[in-house]
Amino acid sequence: MHIRVPALLTIPIILTFTSFTPGQSLLIEHRNTPPLLLADEPLNLMISPTEGVTSKTLVIRDFYDHVVFSRTWKGNECVKPIHLTLPLPRFGVFRVILTTGKPNGSIVEETTFARIPDVRLTTPKPDSPFGIGAYYAMRFSPEQASVAANIQNLIGAAWNREEFLWDIIEPEKDRWTWEKADMAVRECARNNILFLGLLDYWGKWAVPLADESDVWFARYAAAVAKRYSPGAPFYQDEGLQPYPGIRHWEVWNEPATFWTGDGTRFGQLLKTASQSIRNADPKASVFFSEADETFNRDALAAAGLDAFQGVTPHYYCPPRTPEQGGVDIQMLTTPERFAALGVRGKSFWVSEVGWHSTMEPGQMRNQAVCLVRSYIYCLAAGMDKVFWYNFVNDTPDKNAHHFGLVNREDWTPRFGLGAYAAMVHFLEGARFSRRVEILKPARIFLFSKGAGTVAVLWSAGPDGVLDAPLPDDTRLSDIMSNPLPPGPIPLRADPVYLEAPSTTPEGIEHIIRAGRITGISPAHMR
């Protein structure tokens, strides 16, 4: 497969079956874009001719494993090119399965593509809560970064957590290498993507935990903050004005794992680095990367509360759901824990949350479900931004466990990518209003949007339904943004979106409480 820099957003996908080598005969040849279709794009399929086969069966399945297309060709039909144009009026990530029958057996090959709502980033969106960890500088070539940043733009992920690794930027004392970082900023700026910049780890030439290394770390942090601050010469030189620049900086990554000193020592580094960053850009925001309670207390005592403007918690518990792993409670109590340490009026940006998956459909569904649930819990807890970890798989082995939403070797999507785009479609511009608690397994969250409401509903236990006298203009949609029939609201593992454009959250809460849930009883409470 040849990857080219994306130039257009509306190029049809061609699926080409060229041989019978597993992993190679079912390829996606996307001329200028990865395999993502927008709402008005048809799916164009081409199956290449093959000699010596008895049949070819093409099946397309959706998120729920429903068959949305199936056709079989036999005998002489298989020895000539087969062309199909499918309007495919549904959204989501779809599995394409080709079964080739031969006299001595059959070969089954599979790939995926996506059709998503149009949530492209036409401008930067600083108020958006939706982020993702892409790490373009450290994990992509320039050609790959161009493709990946275009995908991030297409799914509406307004923010990128980017690692400006000290060891790459200053590999030797006073020798600065900006090529990788410049590439990352350039591609994101071209795609209207904003940054949470991660400043982390000791340079190889620095002595870890030495006092003088704090000074050198702070100098590096200030150099990065100055180079990419709003209005810096870099943007004019690259023709990127009026890109708003980078003003949000996270000092270190996961000190519970990647810091070898104690909390007091970390607080000293945070204080020194913060002073240097804000000297370089007085309006910059510095974020404290938290660990455990003792570490946090000691670090904040050493740094002082003025050394940072926000906190960046991380949440993981795969393969368990957020409820099974207690992450939902952790998210809700994080601001309270920091308030007990005197931290008030600060931003909370979840710089990592994620679930891994293979390409097995059940695992992909679990990843997608946990993605949406975790974002809703974060927003309900008052978190300002949420960054999914991660965007594209770290290694080119799509059948291994990965946290990514996109496969590295061929840019094919996992179910989570479709769920992410649908979530942005419904909740961009919305604000959390309230949670309606009736029975604990039923999760009901209400957001205000314009003059109306968007609700997100699911069950953390058995499946059930909510029957309520909803307004006539109410619309129900599934996790991929496909419309559901009017009637009782399904409460199941995968979240459902309810849009009530002319009813306030207060009104929807009243209607829901006047309804009735069946299939879930108090005995199912966690």
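Remember, it's a predicted structure, so these values are computed and weren't measured experimentally.

Conventions used here
Residues numbered from 1 in each chain as written. Predicted model: local features only at pLDDT ≥ 70, side-chain atom pairs only at ≥ 80, totals over all residues. Heavy atoms only, no water. Helix = DSSP H or I, 4+ residues; strand = E, 2+ residues; numbered from the N terminus. Expected span 1.5 Å × (residues − 1). Buried < 20%, exposed > 50% of the residue type's maximum accessible area, 1.4 Å probe, protein only. Contact = heavy atoms within 4.5 Å. Salt bridge = Lys/Arg side-chain N within 4 Å of Asp/Glu carboxyl O. Pairing = 2+ DSSP bridges. pLDDT = per-residue confidence, 0-100. Axes fitted to C-alpha atoms, helices over the stretch in contact; angles between N-to-C directions.

A. Focus on helix α2 (residues 142–154). Along its 13 residues, α2 runs 19 Å from first to last C-alpha, staying within 8% of the 18 Å computed at 1.5 Å per residue. Where burial is concerned, most of α2 is hidden: ten out of the 13 residues are buried. In this structure, the buried side of α2 is in contact with β3 (36–37), β10 (130–133), α1 (136–139), β11 (159–163), α4 (179–190) and α12 (415–427). Where α2 terminates, the next one or two residues include Gly156, which has phi positive at roughly 75°.

B. Looking closely at the pattern of salt bridges. One pass over the structure, following the stated rule, counts 30 salt bridges. For Arg219, the salt bridge is made with Glu170, and the minimal N-O distance between the two is 2.5 Å. Placement of the pair is Arg219 in helix α5 (residues 211–227) and Glu170 in the loop between α3 (166–169) and α4, with a sequence separation of 49 residues. A salt bridge links Arg265 to Asp214; the nearest nitrogen and oxygen atoms lie 2.7 Å apart. Residue Arg265 is located in helix α8 (residues 263–280), and its partner Asp214 is located in helix α5; the two are separated by 51 residues in the primary sequence. The exposure classification of Arg265 matches that of Asp214, with both residues buried. One network of salt bridges, in which partners are shared, links Arg61, Asp65, Arg95 and Glu110.

C. Representation of the sheet that holds strand β8 (residues 92–102). Strand order in the open sheet formed by five strands is β3-β9-β8-β5-β6, with mixed pairing between adjacent strands. The sheet is open, and its two borders are formed by β3 and β6 (67–74), each paired with just one other strand. Two strands pair when backbone bridges link them, and strand β5 (residues 55–61) and β8 are joined in this way by seven bridges, in the antiparallel orientation. Bridge pairing in β8 links Val59 to Ile97.

D. Focus on the confidence of the model for the protein chain. Per-residue pLDDT for the protein chain has a mean of 91; in total, 93% of the residues score no lower than 70. The model gives residues 1–32 a pLDDT under 50, and that stretch makes 93 contacts with residues more than four places away or in other chains.

E. Structural context of the sheet that holds strand β23 (residues 475–477). If you trace the five strands from one edge of the open sheet to the other, you get β19-β20-β21-β25-β23, paired in antiparallel fashion. Every other strand in the sheet has two partners, leaving β19 (431–435) and β23 as the edge strands with one partner each. The average undirected angle you get between the axes of adjacent strands in this sheet is 25°. Here three bridges tie β23 to strand β25 (residues 496–500), and the two strands are oriented antiparallel to one another. Residue pairing across strands places Arg475 opposite Glu499, the latter belonging to β25.

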